[in-house]
Amino acid sequence: RRWSDGLHQAVEAKERLRIKEENQTIASITFQNYFRLYDKLSGMTGTADTEAFEFDQIYGLEVVVIPTDEPMIRDDQADLVYLNMEGKFKNIIKDIKNRQEKNQPILVGTASIENSEYISNLLNKESIKHEVLNAKQHKKESIIIAQAGKPGAVTIATNMAGRGTDIVLGGNFEAELKLSGNEISDEKMALLKDDWQKKHDVVIEAGGLHIIGTERHESRRIDNQLRGRAGRQGDPGSSRFYLSLDDDLLRIFGDPEKTQNMLSRVGMEEGEAIESNLLTRQIERAQRKVESHNFDMRKNLLEYDDVANDQRAVIYQLRNDILTAESINDMLEGIGEEAIQELTSQYIDPDSMEETWDLDGLSQSIYNDFMISLDLESIINQDDSLNADNIWKVIFEEFTRNYSAKESSIGERPMREIEKAVMLQQLDMQWREHLAAMDHLRQGIHLRGYAQKNPKQEYKRESFEMFSFMMDQLKFNVISILSRARFRGEEDAETVNEQMPNVDEVQLQHKDASIFKSADTKAEPVQNITKPFIRDQKKIGRNEPCPCGSG
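Residues numbered from 1 in each chain as written. Predicted model: local features only at pLDDT ≥ 70, side-chain atom pairs only at ≥ 80, totals over all residues. Heavy atoms only, no water.

Regarding the protein chain, the UniProt comment filed under Subcellular location (unreviewed entry) reads as follows: "Membrane". Heading Sequence similarities (unreviewed entry) of the UniProt record for the protein chain holds this comment: "Belongs to the SecA family." (UniProt positions renumbered as here; feature names shortened; annotations may be inferred.)

Take a look at the structure:
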């Protein structure tokens, strides 16, 4: 697997490796169009409600919210907003320390590995025992998750790590049994069960698992996933997000200057937290902005891919028809008729006078492209019924005659196999080149907006023209290759083998052997002397003009 768009070659050049050729895309499809290929489409997730509009727009699917089996009693506390990150992280550490003293397990969610390691360093300075769960610790993930529900356990996890796992309050009893070994007595199992039950009760009394979010994610769905790790199956739990005005979400999509001025007027100082419905609404507005922006990007990409999807369906259907058909001779007959009509129209305009016809050019072209040798001028002079509309039929009849003769010489079955092989080869080659051209068109189509043109409409128009040209080129190339190719049938191969001389019976003799020597006399080998090349003209310098006159 290699990166595209020259990225892999750039890395190879940087690392002083041999630069290999760039990969060529032979097939591409978006996730949306891939999912649309299924006859039945459905799914289940705990966070689909916030994306209900996108499911309806893209897939035509309705999102149905199923109530929980047990009442959800998790306490989702209001967000705490600080002026800067330093004050935010300082209060996070303080909250962790207080809750750990009460034997409450804590899960700290971060948006990046850097933040998880930064919080880990702060906890190490405070001598707080904890576990870090991120992409670097994926091998220990199951062990860390199994212990995350124990009393006073502190676990730092990124949003992607530990997803889909159930953190059991008091610790995972089955994991403890595995650590104890396969062979365990009933008494020991009962002791382990009692010990786990005590831990479970302690955690429930402390308030269950507490979730600390170090910042809001761009999508509300990710925040809901983090919150949803607590309060499962009716268990107690709580969650709170700690934010600062320096967070990326508020800084890029919010209005931090306006918020800072407002908070400064009310006398807020560094390290102090504020709980405000106004700020919560502003954060939600920022998240909705990001979600809308990301949805527009996905929808825009899908609209462009819909154009390629229609073309993809035509090509794949054609390819399947070729593979499954016993013979494509009828298809090639129609393609040959179209190709010859198109070629004839390039030299003979249907609305033009006979004096303007380029018969010499047409004769040369049909010979070069289809190996058809015809004296069109003599044929037209002999037949007054021929005109610009039906002259192509004469060429097509000669093409059919030549093709039938070629088929008779090689055999019907080998000819059918050759036709399919040539058609598939040309189809794949033309499709690869078309995909590369479509990618190049996509990269610069947005510039049409400066000319007051709709880039999407321009993309649809040009891609259709490119696709039509590709199909015409495919038809022409297939007929041209089959017309010009020379095949050797099985009978011809046997005849050639019979005509080949027997090497054992051949007598080798030097071409310069003297005619005066008898046949019994052995010719002496003559050494070939290589003559040096002597230039008979003046040597041309590197910067001198070419003597042919081209400059």
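Continuing now.
Attention now moves to the overall build of the protein chain. Of the regular secondary structure elements, the protein chain holds 19 helices and 7 strands. In the protein chain, buried positions account for 35% of the 551 residues. The contacts in the protein chain between residues at least 6 apart in sequence include a share of 72% that link residues at least 24 apart. Approximately 36300 Å² of the protein chain is accessible, and the part contributed by carbon and sulfur atoms is 49%. (Helix = DSSP H or I, 4+ residues; strand = E, 2+ residues; numbered from the N terminus. Buried < 20%, exposed > 50% of the residue type's maximum accessible area, 1.4 Å probe, protein only. Contact = heavy atoms within 4.5 Å. Areas by Shrake-Rupley, 256 points an atom, 1.4 Å probe, with all protein chains shown as cover.)

Taken together, the side chains of Ile29, Phe31, Tyr34, Phe35, Leu37, Tyr38 and Leu41 define a hydrophobic patch exposed on the protein surface, amounting to about 710 Å² of accessible area. With respect to the secondary-structure elements, tyrosine 34 resides in helix 2 (residues 31-36). For tyrosine 34, a relative accessible area of 38% gives the class partly exposed. (Patch = residues over 30% accessible without salt bridge, like charges linked within 9 Å, V, L, I, M, F, W, Y side chains within 5 Å. Salt bridge = Lys/Arg side-chain N within 4 Å of Asp/Glu carboxyl O.)

On the surface, a cluster of negative charge is contributed by Glu354, Glu355, Asp383 and Asp384. When you line up the elements, glutamate 354 lands in the loop between helix 13 (329-347) and helix 14 (359-370). Judged by relative accessible area, glutamate 354 falls into the partly exposed class, the value being 46%. (Lys, Arg positive; Asp, Glu negative; His and termini not counted. Charge placed at Lys NZ, Arg CZ, Asp CG, Glu CD.)

A separate point is the nonpolar core. The biggest cluster of nonpolar side chains holds 42 residues, and the ones touching the most others in it are Leu332, Ile366, Ile395 and Met423. Element by element, the count of residues in this core is highest for helix 16 (residues 391-410), at 8 residues. Isoleucine 395 has contacts with Ile340, Thr344, Leu362, Ile366, Ile372, Leu374 and Leu376, leaving out every residue within four places of it along the chain. Counting residues in hydrophobic clusters, the runner-up holds 24 residues, among them Leu83, Ala157, Ile211 and Ala230. (Core = buried A, V, L, I, M, F, W, Y, C linked by side-chain atoms within 4.5 Å.)

Before going further, it helps to spend a moment on unusual backbone geometry. Phi at serine 127 takes a positive value of approximately 60°, unusual for a residue other than glycine. For serine 127, the position within the fold is in the loop between helix 5 (113-125) and strand 4 (131-133). Residue class for serine 127 comes out exposed when judged on its relative accessible area of 67%. In the Ramachandran plot, methionine 371 falls in the positive-phi region, its phi being about 55° despite a non-glycine side chain. Topologically, methionine 371 is positioned in the loop between helix 14 and helix 15 (376-382).

In this section: the side chain of threonine 30. The topology assignment puts threonine 30 in the loop between helix 1 (7-14) and helix 2. In this structure, threonine 30 is in contact with Leu301, Leu302 and Asp305, ignoring residues within four places of it in sequence.

Before going further, it helps to examine the pairing of strand 3 (residues 106-110). The buried count for strand 3 comes to 5 of 5 residues, which makes it a mostly enclosed element. Sheet topology places strand 3 next to strand 5 (residues 154-158); 5 bridges connect them, and they run parallel. From the neighbouring strand, threonine 110 faces strand 5, where its bridge partner is threonine 158. Bridge count between strand 3 and strand 6 (residues 209-213): 4 bridges; the pairing is parallel. Within strand 6, the position partnered with valine 108 by the bridge is isoleucine 212. (Pairing = 2+ DSSP bridges.)

Turning next to the environment of arginine 221. When you line up the elements, arginine 221 lands in helix 9 (residues 220-227). With relative accessibility at 28%, the residue arginine 221 sits in the partly exposed group. Between the C-alpha atom of arginine 221 and that of aspartate 49, which follows or precedes it by 172 residues, the distance is 8.5 Å. Discounting residues that sit within four places of it in the chain, arginine 221 has contacts with Thr47, Thr50, Glu51 and Glu291.

Mapped onto the elements, threonine 47 comes out in the loop between helix 2 and helix 3 (52-59). When its relative accessible area of 9% is taken as the criterion, threonine 47 is described as buried. Residues contacting threonine 47, with those up to four places away along its chain left out, are Arg221, Asn224 and Gln225.

This next bit is on the pairing of strand 6. The buried fraction of strand 6 is high, at 5 of 5 residues. Both faces of strand 6 are covered, namely the face carrying Leu209, Ile211 and Gly213 and the face carrying His210 and Ile212. Summarising the sheet, strand 6 and strand 7 (residues 237-244) pair through 5 bridges and their orientation is parallel. Among the inter-strand pairings, glycine 213 is bridged to a residue of strand 7, identified as phenylalanine 241. Handedness of the β-α-β unit built from strand 6, helix 9 and strand 7 comes out right-handed. (Right-handed = clockwise from strand over helix to strand, strands pointing away.)

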